[in-house]
Amino acid sequence: MRRRLAAVPLTLLGVSLLVFLATDVLPGDVGRTVLGREASAEAVAAYNRQLGLDDPVWLRYIHWLWHFITGDWGVSYTLREPVAGLVRDRLAASLTLALFAFVLLVPVAVGAGLAAGARHDTWLDRVISATGLALGATPEFVTGVVLLVVFAVQLHWFPVSARSEPGDGPLAVLARLFLPALSLVLLCTGYVARHVRASTIAVVGGGYVRAARLRGTPPGRILTRHVLRNATVPATSALGVQLQFLLGGLVVVELLFNYPGLGALLLQSAVDKDVPTLQATAMVLGLAYLAVTLLTDLTYRLLDPRVRFEVRA
């Protein structure tokens, strides 16, 4: 763990370099995009010089990295708002949706994996496995459209838009987030359930579970005391991967449900060649990925004594 923490600064430096180079090679002219097609070539060139876009790449990278570290992320070219406040608000919105989806995902996916593993090679195992594979192979925009048409347009159970309105209470906000969160849960459940199923099968076949059965321990107690924790610990990494996806893979869902999150901002800033917003958004997503990775490693070590012993050794 110490080695991972020591590598964080170098990793962040590499992420910043990739983000800067990726945004620097985007097609299009910033000055032309901001000033419009009617602007003269002289005005466009002057605007680009004012932004420092004529400087060497290495100098522009150093300036940008220093300003990012110090919190001066500039002003959006198209929205004319401070990038720091814009990204902060969108990040809060994406975190809200991602964490809500994650809270729904954990009991559904873990429960399905435990049920399939405890009854492996039965009809229940086959149904859960096949359903998880089918849902995992279905893009979120397909399930999202189906959910919108059925539950929002036809049945009117949920709002069409996930964007909160002034005066919405907590229940109204959760109702708006339910359909986009459900589309993400349906996509991610199969992946996590497969990991839980595999670890459950291994645990159920273990000696201490057989010994508990011979002692006459009720099946429910065996499941909660012996199987649950030992089977879900290996699935921690799978849950961490899905949390990373929920934080950074929300572009389609946010656009489909008209949700003002970080993914939608990333796409729009790329289309508009809004470089300051695009760079800051990409860096924040990279930081979020790294934070989730470290949190997953820490959680795994706390849950699995064998890993802690190996670290001390």
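Since we're looking at a predicted model, the values are computed, not measured.

Overview of a nonpolar patch on the surface
Here is step 1: Taken together, the side chains of Phe141, Val142, Val146 and Val252 define a hydrophobic patch exposed on the protein surface, amounting to about 310 Å² of accessible area.
Here is step 2: Per-element accounting of the nonpolar patch gives the leading share, 3 residues, to helix H8 (residues 140–154).
Here is step 3: Tracing the backbone shows Val142 in helix H8.

Points about the pattern of salt bridges
Here is step 1: The tally for this structure, following the rule as stated, stands at 2 salt bridges.
Here is step 2: In this structure, Asp89 engages Arg88 in a salt bridge whose closest nitrogen and oxygen atoms are separated by 3.9 Å.
Here is step 3: The exposure class of Asp89 is partly exposed, given its relative accessible area of 49%.
Here is step 4: For Arg197, the salt bridge identified is with Asp125, shortest N-O distance 2.7 Å. Taken together, the residues span a long stretch of sequence, with Arg197 in helix H9 (residues 170–204) and Asp125 in helix H7 (residues 123–136) at a distance of 72 residues.
Here is step 5: Assessed through its relative accessible area of 23%, Arg197 is described here as partly exposed.
Here is step 6: Judged by its relative accessible area of 3%, Asp125 falls in the buried class.

Describing the nonpolar core
Here is step 1: Residues Leu97, Leu105 and Leu246 are the most contacted members of the largest nonpolar core, which totals 33 residues.
Here is step 2: Of all the secondary structure elements, the ones that give two or more residues to this core are helix H6 (83–118), H8, H9, helix H12 (236–248) and helix H15 (275–303).
Here is step 3: Considering every element that reaches this core, the biggest residue donor is H6, with 10 residues.
Here is step 4: If you look at the next biggest cluster of nonpolar residues, it comprises 15 residues, including Trp64, Val87, Leu262 and Met283.

Re the packing of H6 against helix H14 (residues 262–271)
Here is step 1: Running from N to C, H6 and H14 point in directions that differ by 135°, and their axes come no closer than 7 Å. What the angle tells us is that H6 and H14 run oblique. Contacts from Leu86, Val87, Arg90, Leu91 and Ser94 in H6 reach Leu262, Gly263, Ala264 and Leu265 in H14.
Here is step 2: Here the residues of the contact of H6 with H14 are counted per class, giving 6 nonpolar, 2 polar and 1 charged.

So, the UniProt feature "transmembrane region" (unreviewed entry) in the chain
Here is step 1: In this numbering, the UniProt entry assigns the feature "transmembrane region" (unreviewed entry) to residues 91–115, 127–153, 173–193, 231–257 and 277–300.
Here is step 2: Between the end C-alpha atoms of residues 127–153 there is a gap of 30 Å, over a span that is 89% helix and 0% strand.
Here is step 3: Structurally, residues 173–193 comprises 100% helix and 0% strand, and the distance from its first C-alpha atom to its last is 28 Å.

A look at the side chain of Thr189
Here is step 1: With respect to the helices and strands, the residue Thr189 is situated in helix H9.
Here is step 2: For Thr189, a relative accessible area of 12% puts it in the buried group.
Here is step 3: Not counting chain neighbours up to four residues away, the residues in contact with Thr189 comprise Leu105, Val108 and Ala109.

A short note on the confidence of the model for the chain
Here is step 1: Summary statistics for the chain give a mean pLDDT of 80 and a share of 81% for residues scoring 70 or more.
Here is step 2: Across residues 307–313, where pLDDT falls below 50, the model places 6 contacts with residues more than four positions away in sequence or in other chains.

Here we look at the packing of aromatic side chains
Here is step 1: Per the counting criterion, the structure on display carries 7 aromatic pairs.
Here is step 2: A ring pair is formed by Phe68 and Trp73, whose centres lie 4.7 Å apart and whose planes are at 5°; its orientation type is stacked.
Here is step 3: Site record: aromatic cluster; members linked through ring pairs are Phe20, Tyr61, Trp64, Phe68 and Trp73.

Analysis parameters
- Residues numbered from 1 in each chain as written.
- Predicted model: local features only at pLDDT ≥ 70, side-chain atom pairs only at ≥ 80, totals over all residues.
- Heavy atoms only, no water.
- Patch = residues over 30% accessible without salt bridge, like charges linked within 9 Å, V, L, I, M, F, W, Y side chains within 5 Å.
- Areas by Shrake-Rupley, 256 points an atom, 1.4 Å probe, with all protein chains shown as cover.
- Salt bridge = Lys/Arg side-chain N within 4 Å of Asp/Glu carboxyl O.
- Helix = DSSP H or I, 4+ residues; strand = E, 2+ residues; numbered from the N terminus.
- Buried < 20%, exposed > 50% of the residue type's maximum accessible area, 1.4 Å probe, protein only.
- Core = buried A, V, L, I, M, F, W, Y, C linked by side-chain atoms within 4.5 Å.
- Axes fitted to C-alpha atoms, helices over the stretch in contact; angles between N-to-C directions.
- Parallel < 35°, antiparallel > 145°, perpendicular 65-115°, else oblique.
- Contact = heavy atoms within 4.5 Å.
- Nonpolar A, V, L, I, M, F, W, Y, C, P; charged D, E, K, R; others polar.
- UniProt positions renumbered as here; feature names shortened; annotations may be inferred.
- pLDDT = per-residue confidence, 0-100.
- Phe/Tyr/Trp six-rings, centres within 6.5 Å; stacked < 30°, edge-to-face > 60°.

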